[in-house]
Amino acid sequence: MKIVFAADPFALSLKKAIVDHLEKNGHEVIDVGATETDSIPYFKSSVAACKVLQAGEASRGILLCGTGMGMSVIANRFKGVRASVVESVFAAKMCRAINDANILCLGAMIWGDWMACEAVDTFLKTNLADGLDDLADFLKETAKTVESIEDK
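What you see is a predicted model; the values in this text were computed from it and never measured.

Peer 1: Got a minute to help me understand the overall build of the protein chain in this structure?
Peer 2: Helix and strand counts for the protein chain come out as six helices and five strands. Mapped in sequence order, the helices and strands of the protein chain form the string β-α-β-α-β-α-β-α-β-α-α. Computed over the C-alpha atoms, the radius of gyration of the protein chain is 15 Å, within 12% of the 15 Å expected from 2.2 N^0.38 for a compact globule of 152 residues. Once the C-alpha set of the protein chain is aligned to its principal axes, its extents read approximately 45 × 35 × 25 Å. Across the protein chain, the fraction of contacts at a sequence separation of at least 24, relative to all contacts at a separation of at least 6, is 67%. Counting every atom, the protein chain has about 8,000 Å² of accessible surface; 54% of that belongs to carbon and sulfur. Taking the 16 positively charged and 21 negatively charged side chains of the protein chain as two groups, their mean positions are separated by 4 Å.

Peer 1: I keep staring at the nonpolar core and nothing clicks. Help me out?
Peer 2: General note: in soluble globular proteins, nonpolar side chains tend to be found buried as a group. With 24 residues, the main nonpolar core has Phe 5, Ile 18, Leu 22, Leu 64, Leu 104, Leu 106 and Val 120 as its most contacted residues. Of all elements in the fold, only strand 1 (2-7), helix 1 (12-24), strand 3 (60-65), helix 4 (89-97), strand 5 (103-107) and helix 5 (113-125) reach the threshold of two or more residues within this core. In terms of residue count, helix 5 provides more of this core than any other element does, six residues in total. Not counting residues up to four positions away in its chain, the partners in contact with Val 120 are Ile 18, Leu 22, Ile 62, Leu 104 and Leu 106. Core analysis: the next-biggest nonpolar cluster, separate from the first, contains 17 residues, Leu 53, Ile 74, Val 81 and Cys 105 among them.

About the cut-offs
- Residues numbered from 1 in each chain as written.
- Predicted model: local features only at pLDDT ≥ 70, side-chain atom pairs only at ≥ 80, totals over all residues.
- Heavy atoms only, no water.
- Helix = DSSP H or I, 4+ residues; strand = E, 2+ residues; numbered from the N terminus.
- Rg over C-alpha atoms; globule rule 2.2 N^0.38 Å.
- Contact = heavy atoms within 4.5 Å.
- Areas by Shrake-Rupley, 256 points an atom, 1.4 Å probe, with all protein chains shown as cover.
- Lys, Arg positive; Asp, Glu negative; His and termini not counted.
- Charge placed at Lys NZ, Arg CZ, Asp CG, Glu CD.
- Core = buried A, V, L, I, M, F, W, Y, C linked by side-chain atoms within 4.5 Å.
- Buried < 20%, exposed > 50% of the residue type's maximum accessible area, 1.4 Å probe, protein only.

Here it is as structure tokens:
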């Protein structure tokens, strides 16, 4: 799977752990920053990642900052982007199964490397309504409705 990835300077260590894990498992990572030598703030790297996702150049995105919240606030301003901040592996599953999120936001102040990789794996393998068979029709219809909502 192609995954667009962005981090701010607070999350570079976690970024390295997750990118290494993704590449080891055969995923292609499109890295839009930051790096050790290019200290891009969250509000710029999040924009770059969302544009990649909107252009169809990646299937999913992962955004990292101190808490994940700043990245999420910026990402959710883009049409077609459904970014979720999560603080558990269970929430990483549910943001896909219930809300069809296409960007996972994690906080480096909150997550350790191993658990963050578990959350990423769960996010990537879960589809809308997975494990929620009784709610599948409702969730699929809701996802269509949510996608059609526009700011007036």
